[in-house]
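Structural description and commentary
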Amino acid sequence: MLVRSLVLCGWLSGSVVMGQAAPGDRPGVDAAAGAAVTRLQQAASQDELAWPRLAYLCDRIGGRPAGSPAFAEAVRWAVETLRADGHARVWREPVTVRRWERGTGRAVTTVPYERELSVLALGGSVPAAGVEGLVVVKAGVADLGPDVQGKIVLFAPEIPAGATAGERYGFFGRARSEGVSAAGRHGAIAVLVASTPERSLSTPHTGSMRYGAEGPEIPGAALAAEDASWMARLAASGVEVRVRLDLQSRELGTVETSNVLAEIPGTGNAGEIVVVGAHLDSWDVGQGAHDDGAGVIHVIEALRLLRGLPAPPRTIRAVLFANEEFGLDGGKAYAAAHGSEPHLAAVESDMGGFRPHHWGVAATEAQIAWLRPLAVSSGVPVQVGGGGADISPLEPHGVPRIGLVGDVDRYFDVHHTRADTLDKVDPDELRQGIAALASLAWELANAPAPPPS
Ligand SMILES: [Zn+2]
């Protein structure tokens, strides 16, 4: 989720716009369309393939960073699965990715006493070979100063009482993405970033980071909330804390891999496309069950169920993107190859497999007004702000971007951790996501009028 913090910021600043009309009340939408959506939702509620398919992706393939052997296997599995569903068009498109391998990581406090810490290298970090130093605690990048020279910075933001899961993630995401590079410029020797989930069971949350053009590249790791709290308490009491950090991460150059696409060709002449997407890659820790295995299953199963209906006027195109987590390369490659094609809308599922809560929409006011009645039959309300990371490169083309958002509280407990595993996914909630995505895709593909630009 490279740019997800931005997506979330948009979502958090938005207001809920609930659909007001019942499916049958919408002007210009006939009863047959409503019946089709009902059929889709019934079929989704009885979907017997969603769970075993997610189980295969998680249990047999597992964590799948783009460019890894596991990702290559996930691509092969996705192509085979979509072909088995009988779609007329299933294909791959090239994506070049940077391959970084986490390796093992270890951090221990050496003062005031030796204690093993729960850490995960941040994605893209340089390795660390016994980097040891005094810990200085900072709430954020803005607090960095000369006092961090030669020290290990622990970013441990003070979370306001009542902060939402998205806001909590925002604190972490900013320190994660910008903090390592900024601390390096101030002379720090390493960075630890406190994970900030609402509930932690000693689970550090990893994610990507980038070094700026200036300053030394120092190692960065995510730290479990419990360890960060302990160290911050000691520091606040004036107790000296020292840490030794070892990270075996390494760069493996670039790798040629691919997005996976499949589509139901439309019967109309306009050539308009409705994208339904998710990202096929995940971080290596855990199984990428919620991020974004569930989204992949939402897309694959929605397309399968939609194929059971008469082809709509517009083309429905499924895109399983490569490398959302570490550079957004698949989303960029898709926009470069297809951005000039007429996209009606792009829908992404990348907020977990929990019960759908709302559609987070990045679009103009007029486009949102157009979308609102189309979303009613999905049973999921529209909320202004959001979209999706992989479909964000379609923004310059004026494409409305719609993200399926589930239970954010639970999502951010497991996001980018070793705990993002199949057992956290509920089969019925997974089916509800399929029903929502299939319903909205159907409505969009049959919408009586395109969105205002
Ligand atoms: Zn994701």
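See the structure printed just above.
The residue count restarts for each chain, going from 1 along the sequence in the order it is written. With pLDDT at 70 or above as the cut-off, local features in this predicted model cover only qualifying residues; side-chain atom pairs require 80 or more to be listed or tallied, and sums for whole chains, interfaces and linings still use all residues.

Side note on the overall build of the protein chain
Where we set the bar: Only DSSP runs of H or I with at least four residues qualify as helices, and only runs of E with at least two residues qualify as strands; both kinds are numbered from the N terminus onward. The atom set for the radius of gyration is the C-alpha atoms, and the globule formula is 2.2 Å times the number of residues raised to the power 0.38. Buried, partly exposed and exposed are defined by the number of other C-beta atoms within 10 Å of a residue's own C-beta, namely 20 or more, between the two limits, and 12 or fewer respectively, with C-beta atoms placed from the backbone. Once C-beta atoms are placed from the backbone, any two residues with those atoms within 7 Å are in contact.
Counting its regular elements, the protein chain contains eleven helices and 17 strands. Taking 453 residues into account, the globule formula puts the C-alpha radius of gyration at 22 Å, and the protein chain, at 22 Å, falls close to it. Principal-axis analysis of the C-alpha atoms places the extent of the protein chain at approximately 70 × 40 × 40 Å. Expressed as a percentage of the 453 residues in the protein chain, the buried residues total 58%. The long-range share in the protein chain, meaning contacts at least 24 apart out of those at least 6 apart in sequence, stands at 83%.

Looking at unusual backbone geometry
For the bond running from V111 to P112, omega is 10°, close enough to zero to count as cis. A cis amide bond links D291 to the next residue, D292, at an omega of 0°. Looking at where D292 falls in the secondary structure, it is placed in helix α7 (residues 289-306). With a phi angle near 60°, S202 is a residue other than glycine that sits in the positive phi range. With respect to the helices and strands, S202 occurs in the loop between β8 (190-194) and β9 (220-223). Backbone geometry at L328 places phi at a positive 60°, although glycine is not the residue there.

Digging into the sheet that holds strand β10 (residues 242-247)
Threshold: Here, a strand pair is defined by DSSP locating no fewer than two bridges between the strands. Simply put, an axis is a line fit to the C-alpha atoms, just over the touching stretch for a helix, and the angle between two N-to-C directions goes from 0 to 180 degrees.
What the eight strands build is an open sheet, ordered β4-β3-β10-β6-β7-β8-β9-β5; its pairing is mixed. Edge positions in the open sheet fall to β4 (115-117) and β5 (119-121), since each of these has one partner strand only. Here the strands of the sheet are splayed against their neighbours by 30° on average, with no regard to which way each runs. Across three bridges, the pairing between strand β3 (residues 105-111) and β4 is antiparallel.

Some words on the nonpolar core
Burial of nonpolar side chains together is a common tendency in soluble globular proteins. Selection criterion: As used here, a nonpolar core is made of buried Ala, Val, Leu, Ile, Met, Phe, Trp, Tyr and Cys residues. They are joined through C-beta atoms within 7 Å. Each domain's extent is set by a domain assignment, obtained either automatically or from a database.
A221, V276, L437, A438 and A441 are the most contacted members of the largest nonpolar core, which has 135 residues in total. Take this core: its biggest share by element is eleven residues, from helix α11 (residues 427-446). In this structure, this core is formed jointly by two domains, domain 1 (4-100 + 253-446) and domain 2 (103-248), each of which donates at least three residues.

A word on the pairing of β8
As a reminder of what qualifies: Seen with its strands pointing away from the viewer, a crossover is right-handed when the path leading from the first strand over the helix to the second is clockwise.
The element β8 is largely enclosed, with a buried count of five among its five residues. Side chains A190, L192 and A194 project from β8 onto one buried face, and the interleaved V191 and V193 project onto a second face that is buried too. Handedness of the crossover joining strand β7 (residues 152-155) and β8 through helix α5 (residues 165-185) is recorded here as right-handed. Here β8 pairs with β9 via four bridges, running parallel. For L192, the partnering residue across the bridge sits in β9 and is A221.

Focus: α7
To be explicit about the condition: One less than the number of residues in a helix, times 1.5 Å, gives the span that helix is expected to have.
The end-to-end C-alpha distance of α7 is 24 Å, a good match for the 26 Å that 18 residues give at a rise of 1.5 Å each. Within α7, 18 of the 18 residues are buried, which leaves it mostly tucked inside the rest of the structure.

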